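Single-letter residue listing:
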Amino acid sequence: MRTRSTGLALLVTGSLLAAAGCAKEDDEAASTPVKPRTVTAVSGCGKGSWTDPSDLTHDRAPARCAPRTPAPDPLPEERGLTIATGALSAEYVAPLQMALEKGEFKKEGLNVDLKVLPTPDALPLLAKGDIDAQWAAPEAAVMNGITSGFDIKWTAGNFSPGPRSKSGLWVRLKKNESAAHVPMAGRKLGTMIGKGSVIAYPMNQALKKHGGGLDKIRFQQLGSADVLTALQNGGTDSAWLLDPVWREVDGDKRYAFLGGQPPAEPLGGLLFGPNLLKKDPDAGVALLRAYIRTVNTYFAGDYKADKSFARKLARLLKTDEEVLLSTPSLRMDWEIRAGTTDRLQDAYRAAGVSEGAKVPEKKAVDRTLYEEAVGHK
């Protein structure tokens, strides 16, 4: 599977390099330094609207403004934006879907189109300016794209798991084993997610706690319908189970949960290309303002506790209400923690899907636009 995963990363990098010839002038324009932007206080967004990026404590409360804030500040002229996303029905896309449903983008003078595109297809388009933003994550392919010279940055977070979530690494216990003692080195790990995904980081963390690591296990990439079956019938020793699949083994003493995504640390969100980073940052701030307002209004806490809202959300996402309610609410979080891209790249290197020097955080992350949206200087 290493050849397949490495091949995908190299293929994406090749696509980005090919796009460079078509976007040379745009790329040169995007590299032109921009003047510092004026940041003013925002009503409804006080001290709690920003947290120190270096705060990695597991019980960190996510930043929040008052409901329906920050208030809209419409652009002088309507602006059309295209945001690529890998799915429309996934729960982590709910804030974007709700912002469309409630007209939050329209209030900012934005006409937003959500376009379903997998990351390998969307990245070259983002780099060329053919799309404006991507609801994705700083995967290995993204970091390789930045290495190739494109101005693509992670500009807002999306979520971290709720405290009761057990989405993550599950193992089938052998005789005399328990969750506290499961030697993972040499075992097979089944997952539908490739080594170049951001999940490589928490996966590597969980494995290392038990004598493993991505470089010490036998990796099996399986279809979404096969991961659970393989774990249950012995086809694989362990598996990375996502929502709501982990519920099938939760409470069964034959299996143990070894860990998932770090609490309070988003691993994805909005990626901006040159259009919103340099050409039209006003539109970028407006997009983030609408997104942040949607989180503050509809996803500030345990949104599934309101069964009426959960029912509406299930209809919006075109998913089964019972399935939606079977897992804890996500902890929606627009902020980006310090060092996340460094930790991700360490995992990509361990997995063998990253080459070359590590991309510095300042080249991969831009927090200034969401900080402006909430009035943080």
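Since the model is a prediction, treat every value here as computed from it, not as a measurement.

A. Just the state of the cysteines, in detail. Taken as a whole and assessed by the stated rule, the structure comprises one disulfide. Here Cys45 connects covalently by a disulfide to Cys65, the sulfurs 2.2 Å from one another. Taking the sign of the S-S torsion, 110° for the link of Cys45 and Cys65, the bridge is right-handed. In this pair, Cys45 sits in the loop between helix H2 (24-30) and strand S1 (79-85) while Cys65 sits in the loop between H2 and S1, placing the two residues 20 residues apart along the sequence. As far as burial versus exposure is concerned, Cys45 and Cys65 are alike and both buried.

B. Seen up close, unusual backbone geometry. Here the residue pair Thr69 and Pro70 is connected by a cis peptide bond, since its omega of 0° sits within 30 degrees of zero. Along the chain, Pro70 falls in the loop between H2 and S1. Between Asp243 and the following residue, Pro244, the backbone shows a cis peptide bond with an omega angle of -10°. By the secondary structure assignment, Pro244 is in the loop between strand S9 (238-241) and strand S10 (255-260). If you check the backbone angles, Ala264 has positive phi at about 65° while not being a glycine. Mapping Ala264 onto the fold places it in the loop between S10 and strand S11 (269-272). One non-glycine residue, Lys318, adopts positive backbone phi at about 55°.

C. The arrangement of the sheet that holds S10 in detail. Across the sheet, five strands lie side by side as S8-S7-S9-S6-S10; this open sheet has mixed pairing. The open sheet terminates on both sides in strands that have one partner only, identified here as strand S8 (218-221) and S10. Sheet twist, expressed as the mean angle between neighbouring strand axes with direction ignored, is 25°. Judged from the five bridges that link them, strand S6 (residues 168-172) and S10 form a sheet pairing that is antiparallel. The partner of Arg172 across the bridge, within S10, is Tyr255.

D. Geometry of a positive patch on the surface. Judged by side-chain charge, Arg68, Lys102, Lys312 and Arg315 come together as a positively charged surface patch. Tracing the sequence through the fold places Lys102 in the loop between helix H3 (94-101) and helix H4 (104-107).

E. How the structure looks around helix H5 (residues 119-128). Inspection of H5 places Thr119, Ala122, Leu123, Pro124, Leu126 and Ala127 among the buried residues, and these make up the whole buried set. At the exit of H5 stands Gly129, carrying a positive phi of roughly 90°.

F. Structural detail: the packing of aromatic side chains. Counted by the stated rule, this structure contains seven aromatic pairs. Taken together, a centroid distance of 6.3 Å and an interplanar angle of 20° make the contact between Tyr92 and Phe159 stacked. Taken together, the residues Tyr92 in the loop between S1 and H3 and Phe159 in strand S5 (residues 159-160) connect sequence positions 67 residues apart. The exposure class assigned to Tyr92 is partly exposed, which follows from its relative accessible area of 30%.

G. Expanded view of the sheet that holds S11. Read across the open sheet, the five strands follow the order S2-S1-S3-S11-S4; overall the sheet is mixed. Where the open sheet ends on each side, the last strands, each with one partner, are strand S2 (110-116) and strand S4 (153-157). Averaged over neighbouring strand pairs, the angle between their axes works out to 30° when direction is ignored. As judged from the seven bridges shared by S1 and S2, these two strands associate in the parallel manner. Bridge pairing in S2 places Thr82 opposite Asp113. Helix H10 (residues 281-298) contacts S1, S2, strand S3 (133-136), S4 and S11 of the sheet and is inclined by roughly 175° relative to S11.

H. Seen up close, the packing of helix H7 (residues 200-208) against helix H13 (residues 340-351). Between H7 and H13, whose axes approach to 8 Å, the crossing angle comes to 75°. Between H7 and H13, the crossing angle belongs to the class labelled roughly perpendicular. In this structure, H7 contributes Ala200, Tyr201 and Asn204 to the contact, and H13 contributes Arg343, Leu344, Ala347, Tyr348 and Ala350.

I. Region of interest: the confidence of the model for the protein. Looking at the protein as a whole, its pLDDT mean stands at 90, while 91% of the residues score no less than 70. In the model, residues 1-33 has pLDDT below 50 throughout and makes 42 contacts with residues more than four positions away in sequence or in other chains.

Here is what the cut-offs are and how they apply
Residues numbered from 1 in each chain as written. Predicted model: local features only at pLDDT ≥ 70, side-chain atom pairs only at ≥ 80, totals over all residues. Heavy atoms only, no water. Disulfide = S-S within 2.5 Å. Helix = DSSP H or I, 4+ residues; strand = E, 2+ residues; numbered from the N terminus. Buried < 20%, exposed > 50% of the residue type's maximum accessible area, 1.4 Å probe, protein only. Pairing = 2+ DSSP bridges. Axes fitted to C-alpha atoms, helices over the stretch in contact; angles between N-to-C directions. Patch = residues over 30% accessible without salt bridge, like charges linked within 9 Å, V, L, I, M, F, W, Y side chains within 5 Å. Areas by Shrake-Rupley, 256 points an atom, 1.4 Å probe, with all protein chains shown as cover. Salt bridge = Lys/Arg side-chain N within 4 Å of Asp/Glu carboxyl O. Lys, Arg positive; Asp, Glu negative; His and termini not counted. Charge placed at Lys NZ, Arg CZ, Asp CG, Glu CD. Phe/Tyr/Trp six-rings, centres within 6.5 Å; stacked < 30°, edge-to-face > 60°. Contact = heavy atoms within 4.5 Å. Parallel < 35°, antiparallel > 145°, perpendicular 65-115°, else oblique. pLDDT = per-residue confidence, 0-100.

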